[in-house]
Amino acid sequence: MRVLLAVLAAAGCAREPQGPPAIGFTYAFQDTLFRAFLEREIERERPEGAVRIVVRGADDAAVGAGSLGAEVRWATRLAADPRVIVSVGPDGSREALQVAPIYRGAGVPDLVPTGTSRLLADAGPQTIALPPNDSVQAEVFAAFADTALRAQRVRVLHIPDEYGVGLARFAEAALRRRGIAVGARVTVRQGADCRVAADSTAFALAVEEAARDAAPDVVLIATRTREGACLTAALKRRLPTVRIVLGDGVDVSEEFRTRAAAAAVGVHAMLFWHASVGRRDAADLAARFEREVGRPMRSGEAMYLDGARLAATAIRTVGADRAAVLAWLQGVGTRTPPYVGITGEFSFAPGARRPIYIGRFDGRDFTIVAR
Amino acid sequence: MSAIGRPATLRARLILLGALSILYVIVVTVQLGSVLVPAATAMEGRARDQLSEHDRIAGDLKRMTEARREVARWVPPIRDTVGRESLAAIRTEMDRLLAEGVAMRGALERADVPLEMRVLLAEALEQETALGVHVVEAIRAVQLGRPADGVEPLRASGLRSDSSARLLSLAQRRALAIAVDEQGTLLRDLERLERWASLWVVVGLVLFAWGVWMLRDQLLRPLAAIEGAVRRIRDGDLDTVLAVPRADELGRLADLVNDMRAMLRARAEDETARREGLTERFGRILDESSNEIGIFDARSLRALQLNRGARAHLGYAPEEVAALSLPQLLRAIDVGVLHELVARLRTGQQERLILTTRQTRKDGSDYPVELTVRLSRDRDAELLIIVGEDAGARERVRELDRALREHSYREQQRLEREPVGATLASIASMAAQALQVPQVGIWREKGGAHHCIGTSGPPGPELAARALPDAPWHLTVTVPATARGDLLLVAEAPAPDRVWSAEERTFLRAVGALAARAVDADERRALEQALARAQRMDSIGQLAGGIAHDFNNILTAILGNLEIARSGLDPNDGRAGAIADAEEAARRAADLTRQLLTFARHQRVEQRVIDLNALTRDADRMLRRLVGPEVEIDTRLDPALRAVRAAPGQIEQVLLNLVVNARDATPRGGRISIATRNRLVAGTPGDGAGDVPPGDYVELSVRDTGSGMPADVLERVFEPFFTTKEPGAGTGLGLAVCYGIVRQAGGDIVVQSAPGEGTVFRVLLPAVDAPVEPLDRAPAPGQARGSETILVAEDEPAIRTLVARALGARGYRVLHAADGQQALDVAAGLAEAPHLLLTDVVMPRLGGPELAVALRHRWPTLPVLLMSGYTADALREGREVPESAFLAKPFTADQLSLRVREVLDGRYRRETPRPGATRAIPG
C-alpha cells in the first residue's frame, strides 16, 4: 500500500501544476482595491506573447488576519500551492521571520517589502528584504536629529518586537556616537489603541515615563501606525514643543490622522518612497493609483508594488521555476543590472544602498526634508 | 512420452522445488526481520527524539506559564509595597522573559514542527509578549505614582492571562497529543506490518504443504499410472484399459491414451489389407518411372514385381512376372555369383551393387544394361530393389555428343563460306535427327518477340512467318549467348506422351550453344566486313573529294573564260563551235566531280521533309522513257508511307541510278519492281536492313529480274569507278553516288543478289513525323542584275578576273583583292560599307571567314557570300561566319550572278547552319 501511495505521490509530483504561475501575496492592509491595482499593473506590463501571471492573495485562504498565527497559516497555504513561484509579504519583520522557515522548506523566494530587521538577513536565502535595514534607518535618523533638529535629548518609544527593538537599539547607538543624550527606551504595547480607555492610560503613562527625568526635545517612535498615532497625540499633549520622528512602521494614513488629530501636523516620518521624489514614471503611476484606488499610494504600498513587479519580471525572465527565480533575484545587481522600480533601484549586491527619505507632514501631505 | 517416462526425475525436481521454497520462506522471513526490526528501531528512535523535542517546547511553555504566575503574584506587592529597586529587578526579569519569548522563534523555525503547533506557539508568543508589556506598564504606573492606572489594566490583563494560561496549557497538551498521536500511529503501523508479515509467512507455509500434497497425490500418482499404460502400449499390449476416473486434465489425458490404444488396435487390424493396397499403388507408381525397376526376393531371387518399363524391354506380360527369377533375366551371370553378390549386400559389405551386364529378353535376345541393386529388409523378408538403365541409349547419347562436337567443327568450317542461315539449318537438322523428332527450330528472342532464324526443315521465306511452337510436350531450352538476344531451341515432339530425359535436354542445350557460337561468329564477321567496307569507302571518298576540289577550281576558270570568250565571238565564227565543244567537255568534267563529291558526302545539300511516294510518281514517266518498252516497270507504293528527311533532287537521282542499273541488268527485257513501305528495323541479323540503328524507316526498293551478281561483285558494287560494263558504257559512279546520298541522309542501301536470281536494292531512310515541305523555286537568270558595290577577295587570279568580269558585265561595281589582308586595305579606304563581300574561303595571309569577321566589326550587317571548291569549307565556315551564304565551285557566270542577286535581295536564307546540316545550291 505504501509503495502504491509512493507511486501515486510521485506521479502527482511529476504532474505540471495547473493554471498560470502565481505570485503569493500577503498584505496586512487587506485592501482589495490595492490588490486589484497591483494585478492590473502586472498584466499591463506583460510583454506580448509572455505568460500571464496571477496574484494569489492570503485573503483567498479566508483564515483570518491580524496575528502571527494567521501569517503562519497563510504562508503554509501559499507554499503548498505549486502555482506560487514567489511570495511578496508579509510586511513586518517579526512576521517575516516567523514564516521564513516555511518558505525556506518549500523553496519559495519571499520578498519582504517593508521588514527592516537585520535578523532578516540571517533568516535564510529565500528571505529577501527590499528596504534598507534598521541600522541604516537609525543612522539616517540620527543624522537628521543631529543636523536638522539639533537634538539634545532623544527618547525612543517602541513596540517590543524585532522591528521596534532593532530600530531603538541602533538609533540609541547612532545617537550616542553623535554625542546626543538618549534616555531609556520606553516600551509600548503593540495593538493598544488610545480610543480604548484602558489603553489610553497606558499611552499617557508611557509618555509620562519618557518625560520623567528630563523632557526630550526629539522623540523617535518605532511602532505601528495605531500606536504611533496614539503616542504622537499623547506626546503633544504632554510636551507641546517636542519634535516627533516616526519610524517607517508608522504610516501617516487616515487612521493616523484620526487618532493623532492636530498633533499630526509637523511630525517627521521616515519614508521609503514619496510621489514627489524619484522617477517621472513613478509619479505617473502614483497618479494612476490615486485615480483608480481613490487615495494616495502609501510608501509601504509602493514597496509592495515594486516587490510584485520584481517577482513578475523574474518569472517572465527565467520561467515558472522557484529555484531559477530565486537565483535570478539573488543576482539582481550582480549578474543582472539593478531593477528599476517605483521606489528606486533595487540591487542585492553586498553594500548596495536603498534610498530613505524624511518628510515633514503639513496636515495634507509630506514635504521631503532629508534623504 | 519421454518426459512422462522419467517420474524419478520429476519427483526429484519437485522435492528440490519444495526445498527451495522452504529456503525462500526462511530467507524472506529473515530478510523481513532484518529490515523491519532496524526500521522499527530507527522509527522508534525518531519518535522518541520528536517526543523529547516536544517535551522541551512544552517545558518552555511551562516555564513561561510559571513566570506569568510569578508576575501575577507580584501584582499585589506592586500595588502596595514594592520599592523602586524591587521594581527595577522585576523589570529586568521581565526583559529576560521577553527575550526568552523571542528566543522561542528558534523552536518555531524547526521544519518538523507541525503546522498546528507552530501556529499555537506563535500565538502564545504574541500573548506572552503582550502580557510582559502589561507588567511593564504596571510597574511604570507605580513608579510614576499612579499605581491605580497600571494595576487595573494589569489585573484586566491578568484575567486575559488566565485565558492565556489556559491557551498555553491547551497548546502544551495539544502539542503533546499531536506528537504522541503521530508517533503512535507510526508504531501501530509498524506493529500491524509485522503481524501481517508473520501471518503471510504462516499462510505461505500452509499453502506450500498443501501444494506438496497436491503434487504427490493429484499429479505424480496419476502420471505414473499413465506412464505404465503407455509403456504397455509401446510393448504391443493393446488390450489393457487405463483407469483414471477423474474429470480434470489428467483424466482427459488418460482418456486420450485409451483412445490412442483403441485407434492403434483398429489400425493394426487394418494393416494387412492396407499393405496389400499399398503394394498395388506402389506398383502403379513404379510403372510411371521411365527406368526399368524390379523387385526380387533376396533369398529365392524370384521376381515380385517388374514395372512397365522393365516388362516392355523384357517382353513379359504382367501376369508372367510372378514366374520369373533373377537368374532367368541375367543369364550372363552365374547363379552362385548372384547369391554371393546378395550376401555382400546382406552383410553390409557393400551398400549397393552396380552391374554392367546384358539382360535377356523373353524372346532370348539380350541387350546391354546397367543395374543398380539395393537390399531392403522388411519385417520378415529381404527384397532386392533393382533399377536398370538402357546402356544402349546412354551410349547413343554419347555418340551424339561426339557427333555434336564433330558437327561443331564442320559448322565452323561451313560458316566461313556459307551464310549463317545454312549453318543454323544444318545444326537444327543434326539435332532433330539425334533426338528423333520431326523438327527442331532455332529462335531468337528480343523484346518479347521471337524470330525463327533456323530450322531442321528447308530454309525459305516462310521461316520468318513461323510462330513459336509452345506445346507443353515440346522440349525448349534457352541459351543466353548472343549479344542481340537469347536463343530458344525447340524440339517438336510428335505426340504428347514424349518424355524428355535429362541427357536429351543437355544435348539440346549443347546444340543451342553451338548455334549461338555460329550466330555470334556471323555477326562478328558481318561487323568486320561492314567496318572494312566503311573504311574502304571512306578512304575512297577522301581521295575523290580532294581531287574534285582541285578540279573544281580549274574547271571554274575554264568554264568562265570559255563563256567570256564565246560571248565575244560571232556565232558563225568557227572558233565559237570549238569553244562550245570545250565548254561541253568542261561541264561533263564538272558533272563528274560533282558526282564524286556526292559519293564522298562532301556535296552540300538542303534536306527537306519529302514524300517518297510523290517523288516516285513524279519520276515515273521519265523512268519509263528511260528503260524503254522492253522492260516493264511495276510500281507498288504504300499509301500509308511515312515521310523522310532528304534532299529531293538527290533521292530522285538515287531512284534514277538504281532504275538505270536495273535496266542495264536486263538487256533482254524483264521487270523492274519499284516499291515503298514502312519498315521497323529491330536490328536482328539477316534482316536485310544494312548498318542502321533499330528504329522506324521507309524502304524504297528496286528489284529486277536480271542476271544477278556474284558475291565478289556484290562486295564492291558501291565502290566508285567499279563497273562490270563494257569500257565507255558507264562511269562506275552511279551506285557510288547512291551510296553517298543515302548515307548522307542517315540511311543505308543494301543489295541482295545471286547469279540468275535477279537483284534487289533496298534504300532505307529514317522515317520522320513532320509535314512535307514544298520545294524552293530558283529566280530567273534574267533578273540577276544590279548596281551595288561588291568587294571580291580571291587568291586565284583566273577566278578573280572571271568574277570581276561577270559581275561588272551585269552592272555591279566590283572592288577586288588578291587575299583577305588586301581586301581589308581596300575596305579601309571606303567611306561606307560595300553591299556584299564575296570571298574565297582559303587564301594566303588572311582567309575568307577571318576577313568577314573583321569587316563585320565595322559593318555588322555586311552580307557575306563565301565561295569554295571544297564543301568541307562550307561546313566549317558556316560555323565560323554566322549568317553567311555559300557558292560552290565550279560555277558559271549565271550561277554566280543568280546567287549574288539572291544574297543582295535577302532571298537566300541566312542562318547559322547546324553541324552536319547542308544547303542546296540552286542551279
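Residues numbered from 1 in each chain as written. Chains lettered and ligands numbered in written order. Predicted model: local features only at pLDDT ≥ 70, side-chain atom pairs only at ≥ 80, totals over all residues. Heavy atoms only, no water.

Draft legend 1. Looking closely at the overall build of chain B. A tally of regular secondary structure across chain B gives 21 helices and 21 strands. By residue count, 43% of the 923 residues in chain B fall in the buried class. For chain B, the proportion of contacts with a sequence separation of at least 24, taken over those separated by at least 6, is 66%. Surface summary for chain B: the accessible area is close to 47700 Å², and the carbon and sulfur share equals 55%. (Helix = DSSP H or I, 4+ residues; strand = E, 2+ residues; numbered from the N terminus. Buried < 20%, exposed > 50% of the residue type's maximum accessible area, 1.4 Å probe, protein only. Contact = heavy atoms within 4.5 Å. Areas by Shrake-Rupley, 256 points an atom, 1.4 Å probe, with all protein chains shown as cover.)

Draft legend 2. Here's a closer look at the packing of helix 7 (residues 197–210) of chain A against helix 8 (residues 225–238) of chain A. All names here are of chain A. The contact between helix 7 and helix 8 brings their axes to 9 Å, and the two run at 55°. One finds that helix 7 runs oblique with respect to helix 8. Note on packing geometry: the crossing formed by helix 7 with helix 8 is right-handed. Listed contacts from helix 8 to F203, A206, V207 and E208 of helix 7 are E227, C230, L231, A234, L235 and R238. The class makeup of the residues in the contact of helix 7 with helix 8 is seven nonpolar, no polar and three charged. (Axes fitted to C-alpha atoms, helices over the stretch in contact; angles between N-to-C directions. Parallel < 35°, antiparallel > 145°, perpendicular 65-115°, else oblique. Left-handed = near helix turned anticlockwise from the far one by under 90°. Nonpolar A, V, L, I, M, F, W, Y, C, P; charged D, E, K, R; others polar.)

Draft legend 3. Broad picture of the state of the cysteines. Residues and elements named next belong to chain A. Inspection of the entire model under this criterion finds one disulfide over all chains. Two residues, C194 and C230, share a disulfide whose sulfurs are 2.0 Å apart. Handedness here is read from the sign of the S-S torsion; for C194 and C230, about -75°, the answer is left-handed. On the criterion of sequence distance, the pair formed by C194 in the loop between strand 8 (186–187) and helix 7 and C230 in helix 8 is long-range, its members being 36 residues apart. On the basis of relative accessibility, which here comes to 1%, the residue C230 falls in the buried class. (Disulfide = S-S within 2.5 Å.)

Draft legend 4. Spatial organisation of the sheet that holds strand 17 (residues 789–793) of chain B. Residue and element names in this part refer to chain B. Judged by pairing direction, the sheet is parallel, and its five strands sit side by side in the order 18-17-19-20-21 without closing on themselves. Taken across any chain shown, the strands that pair with only one partner, and hence form the sheet edges, are strand 18 (813–817) and strand 21 (885–888). With direction set aside, neighbouring strand axes in the sheet form an average angle of 20°. The pairing of strand 19 (residues 836–840) with strand 20 (residues 864–868) spans four bridges and is classified as parallel. Bridge pairing in strand 20 places L838 opposite L865. (Pairing = 2+ DSSP bridges.)

Draft legend 5. Local environment of the pattern of salt bridges. In this structure the tally under the stated criterion is 44 salt bridges over all chains. Across the pair B:R624 and B:D620 runs a salt bridge, and its minimum N-O distance is 2.8 Å. In this pair, B:R624 and B:D620 both sit in helix 13 (residues 612–627), four residues apart, roughly one turn of the helix. With a relative accessible area of 38%, B:R624 lands in the partly exposed category. Several salt bridges converge on common partners, so that one network encompasses A:D193, A:R226, A:E255 and A:R259. (Salt bridge = Lys/Arg side-chain N within 4 Å of Asp/Glu carboxyl O.)

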